[in-house]
Structures are given as structure tokens and as C-alpha cells.
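# Residue-level structure breakdown
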Amino acid sequence: MKKLITIAAALLLGFAANAQVISTLGYTFDWAPMKNEGRNFLTCEMSGLYAGALYNYVLADFGLGVAGGAYVSFTTGTDRVPNYGKDVLREGNYITREGHRHIAITIPAYVTFTKELGPGALFAYAGPAFQGGLLFQQYTKTNFEGNHFSGNYFNRNYSDRPYDLKVSFGAGYRWKFLQFDLGFDFGLIDRDPSYDYSYRIHTFKLGVSYVY
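Residues numbered from 1 in each chain as written. Predicted model: local features only at pLDDT ≥ 70, side-chain atom pairs only at ≥ 80, totals over all residues. Heavy atoms only, no water.

### Structural notes on the packing of aromatic side chains
In the structure shown here, the tally under the stated rule is 18 aromatic pairs. Their ring planes at 20° and their centres at 6.1 Å tell us that F29 and W31 sit as a pair that is stacked. According to the relative accessible area criterion, F29 is partly exposed, its value standing at 24%. For W31, a relative accessible area of 22% translates into the label partly exposed. Here the guanidinium or amino end of R174 rests over the ring plane of F123, the centre of that ring lying 5.1 Å away. (Phe/Tyr/Trp six-rings, centres within 6.5 Å; stacked < 30°, edge-to-face > 60°. Buried < 20%, exposed > 50% of the residue type's maximum accessible area, 1.4 Å probe, protein only. Lys NZ or Arg CZ within 6 Å of the ring centre and 35° of its normal.)

What follows is the structure in C-alpha cells.
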């Protein structure tokens, strides 16, 4: 993980002298359809926050550029079962809720396009993003017997893959020192290497940023 943070810092500082540096904060939603022999039996639905620092380096006069940096995300939420709904069991006053939580650091490498529009600028981006998972954990929450949390599926005691390569795209609007954007990250790597089971983690982001 120290190497991952070092790479992110190098990417951020490499262009900082000649680039727009951006601090960003926003809402993020992760969903991970879990499949057994190709059939979806559960979807992890997790919402939370992300925060980080990015840069945008304009390469050409017509608005073409590159962007990179790093951000950390934390999401948690109740699972969804096909043809049933949220994985919540209610029996009288007894309530059991099944869910997951996910913490990750993501390092994007985007191609950007910016176009002056009105008082600000419209922009779009697309490209790959590398993600290192710090925590992926299942939980059971009850209102009587307390809460139970599994081990971290990304540590050495489990076989799940902590790393992912994502295809990302998004768009937004920049006005003076404020920037608003939304984007999607689609996970390409099956995080469960077992024969029968598979899942990929995808992300929706909605953020607000300060442009220096």
C-alpha cells in the first residue's frame, strides 16, 4: 500500500507546476452484482463519500488534456436480493440486516476535453483508473443481538483480489474556482478468483471540487 500511495503522489506532483490542481469531495455509490455460475444471487449496494486531489493538465489550445491524481472512498449499505428487495428480515420486533462495506484508493489516468461555455467551461473525461481495495467486509446488523462483521476479504486470509482496473467516463461544469461533475467507473476484474462465484465492483460518483 505504501507503493500505491507513492505512485499516487508522484502522479499528482509530476504536473502540478503547470496544471490545475483540484481538491474534490463527493457522494459515491458502489454496486457489485455477485454471481454463482453466471446467475445473480445478490447485489451489494453501498453508498458513502470520496475525497482526494487531482490535476488537469491542458495539452492543446482546443481543450484536450490529461488528468490524474488519487482519491479515497468509503461506502456501506444493505445488500439487495433479486425478486425480494433489500436483504432485511423482520420478525415481530426482531430486525436483521445484511450488507457490505468497502474502502478503496483509486488512481485515475484520464483524457479530458474542455470547452468554454457561458460564464464557465464544460468538460468531459474518459480513461482507465487503477483501484486498490483496502477493505471489503460483510456485516450482519440486528437490533437485539448486536452486530457481526466478517474479516477483510482483501487481506491474505481470503482469496478475493484487492486490485481492479476500471473504465471511467464522466462530465461536469467548471465556474471560476468551483467544479461540479458526475461519472461512472466500471470494474473489469473479477474480484473472486473461485470457479463458481464472481463479482465486479462498479461506481457512480457525484462531486464538487475546488480548483486552485
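### As for unusual backbone geometry
The phi angle of most residues is negative, glycine excepted, and most peptide bonds adopt the trans form. Positive phi, normally seen in glycine, also occurs at N83, with a value near 65°. Phi is positive for K176, which is not a glycine, with a value near 55°. Summarising the element assignment, K176 is placed in the loop between β10 (163–175) and β11 (178–187). (Helix = DSSP H or I, 4+ residues; strand = E, 2+ residues; numbered from the N terminus.)

### Re the nonpolar core
Soluble, globular proteins show a tendency: their nonpolar side chains are buried together. By size, the foremost hydrophobic cluster in this structure holds ten residues: A32, M34, L42, C44, M46, F136, Y153, F154, Y199 and I201. Breaking this core down by element, the ones donating at least two residues are β1 (20–36) and β2 (39–58). Looking at this core element by element, the count peaks at three residues for β2. Setting aside chain neighbours within four positions, we find M34 in contact with R39, N40, F41, L42, C44, H100, F136, S198 and Y199. Listed in part, the five residues of the second largest apolar core include Y110, F123, Y125 and A129. (Core = buried A, V, L, I, M, F, W, Y, C linked by side-chain atoms within 4.5 Å. Contact = heavy atoms within 4.5 Å.)

### What to know about a nonpolar patch on the surface
On the surface, L165, V167, F169, F186 and L188 cluster together to form a nonpolar patch covering roughly 410 Å² of accessible area. No other element matches β10, which puts three residues into the nonpolar patch. (Patch = residues over 30% accessible without salt bridge, like charges linked within 9 Å, V, L, I, M, F, W, Y side chains within 5 Å. Areas by Shrake-Rupley, 256 points an atom, 1.4 Å probe, with all protein chains shown as cover. Salt bridge = Lys/Arg side-chain N within 4 Å of Asp/Glu carboxyl O.)

### Examining the environment of G99
Take G99: it is sitting in strand β7 (residues 94–117). Residue contacts for G99: discarding those within four places in its chain leaves G77, T78, D79, Q137, Q138 and Y139.

### Observations regarding the pairing of strand β3 (residues 64–78)
By the bridge criterion, twelve bridges tie β2 to β3 in an arrangement that is antiparallel. Bridge pairing in β3 places Y50 opposite S73. Between β2 and β3, which follow one another and run antiparallel, lie five residues, and G63 among them has a positive phi close to 105°. Of the pairings in the sheet, the one linking β3 to β7 comprises 13 bridges and is antiparallel in character. Residue pairing in the sheet places L64 in a bridge with F113 of β7. (Pairing = 2+ DSSP bridges.)

### Here we look at the pairing of strand β13 (residues 202–211)
Here ten bridges tie β1 to β13, and the two strands are oriented antiparallel to one another. Each bridged residue has a counterpart across the sheet, and for T28 the counterpart in β13 is K205. In this sheet, β13 lies alongside β11 in antiparallel orientation, the contact comprising eight bridges. Each residue of the ladder has a partner; that of D181, found in β13, is G207.

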